Amino acid sequence: MTPSHTRSSKGHVVVVGRSPAKMRQAVHVLESAGFAATRTFSRDEAMAAIAARDMVFAVVAGGSVGRETEAELRAAAEAKGGHVVRANIGDSDPTQHFIDHVLPQLEKLRSETK
C-alpha cells in the first residue's frame with residue numbers, strides 16, 4: 001500500500017490493481033488531476049486503505065478485481081462516502097485509459113455529489 005503524499009481538495013481515491021507499472025501511471029494521472037491516491041495490490045490492502053481514512057471519494061477497481069471483492073470494496077467505500085469505478089485497462093495504455101475513461105467517471109461523480 002503506497003499512499004500519495006499530495007493533499008487534495010478533490011478527494012481521496014484508492015486504486016486496486018495487480019500491475020505496479022500500470023498502477024504508477026494511473027496514480028500519476030489521478031494526482032495530476034488533483035486527486036490524492038493510494039495504490040493497493042490486494043483486497044486486504046484496499047480494505048485497510050479505505051478503513052484508514054475518514055472519507056474516501058472513490059475506489060478504482062482494476063480488471064483483476066472479481067465481483068465478490070468489488071462488492072466488498074463498494075460496501076466499504078460507501079460507508080466512507082465513496083463510490084466504485086471500474087478500470088479494465090487490459091492491453092491499453094494505462095495513462096490514456098485513465099484520462100479517457102476513469103477521470104470522466106470521477107468528475108461526473110464529483111458533480112453529482114456536490
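Above: the structure in question.
Trainee: Got a sec to walk through the overall build of the protein chain? Specific residues and values, please.
Mentor: Within the protein chain, the regular secondary structure consists of four helices and five strands. In sequence order, the secondary structure elements of the protein chain are arranged as β-β-α-β-α-β-α-β-α. Taken against the 2.2 N^0.38 rule, which gives 13 Å for 114 residues, the C-alpha radius of gyration of the protein chain at 12 Å falls within 12% of a compact globule. Its C-alpha atoms give the protein chain principal-axis dimensions of roughly 35 × 30 × 25 Å.

Trainee: Tell me about the nonpolar core, and name the residues and values.
Mentor: Counting 21 residues, the largest nonpolar core has Val-13, Val-15, Leu-30, Phe-35, Phe-98 and Leu-106 as the members making the most contacts within it. Elements represented by at least two residues in this core include exactly β2 (12-16), α1 (20-32), β4 (58-62), β5 (83-87) and α4 (94-113). Ile-50, Val-65, Ala-77 and Val-84 belong to the second largest nonpolar core, which has 13 residues in total.

Trainee: Can you break down helix α2 (residues 43-51) residue by residue, with the values?
Mentor: When we look at burial in α2, the residues that qualify are Ala-46, Ala-49 and Ile-50. Relative to the axis of α2, the buried residues are bounded by an arc of 100° and lie together on one face. For α2, the exposed residues set more than 90 degrees away from the buried face come down to Asp-44 and Ala-51. Packed against the buried residues of α2 are β2, β3 (36-40), β4 and α3 (67-79).

Trainee: How would you sum up α4? Please name residues and give values.
Mentor: If you check α4, its first and last C-alpha atoms are 26 Å apart, about what 20 residues at 1.5 Å a residue would give, namely 28 Å. For α4, the full list of buried residues reads Pro-94, His-97, Phe-98, Val-102, Leu-103, Leu-106, Leu-109 and Arg-110. Contacts made by the buried residues of α4 are with β2, α1, β4 and β5. Sitting at the head of α4, Asp-93 places a side-chain oxygen 3.3 Å from the backbone nitrogen of Thr-95.

Rules of the game
Chains are numbered independently. Their residues run from 1 in the order of the written sequence. Totals for whole chains, interfaces and linings use every residue, but because this is a predicted model, local features are given only for residues with pLDDT of at least 70 and side-chain atom pairs only at 80 or more, for both listing and counting. Hydrogens and water molecules were not included; the side-chain quantities draw on all heavy atoms of the structure. Helix numbering and strand numbering both begin at the N terminus, where a helix is a DSSP run of H or I of at least 4 residues and a strand a DSSP run of E of at least 2. Here the radius of gyration uses the C-alpha set of atoms, whereas the globule reference equals 2.2 Å times the residue count to the power 0.38. Nine residue types can take part in a nonpolar core, namely buried Ala, Val, Leu, Ile, Met, Phe, Trp, Tyr and Cys, and a core is a set of them joined through side-chain atoms within 4.5 Å. The classification of residues rests on relative accessible area computed with a 1.4 Å probe and restricted to protein chains. Under 20% of the type maximum is buried, over 50% is exposed, and intermediate values are partly exposed. Arc, as used here, means the arc of the directions from the helix axis to the C-beta atoms. Working rule for contacts: check all heavy atoms of both residues, and any pair within 4.5 Å makes them a contact. An expected span of 1.5 Å times one less than the residue number is assigned to each helix. N or O atoms within 3.5 Å of each other form a polar contact, as long as, within protein, one can give a hydrogen and the other can take it, and as long as residues adjacent in sequence are counted only when both atoms are side-chain atoms.

Remember that the coordinates give geometry; whether it matters functionally is a separate question.
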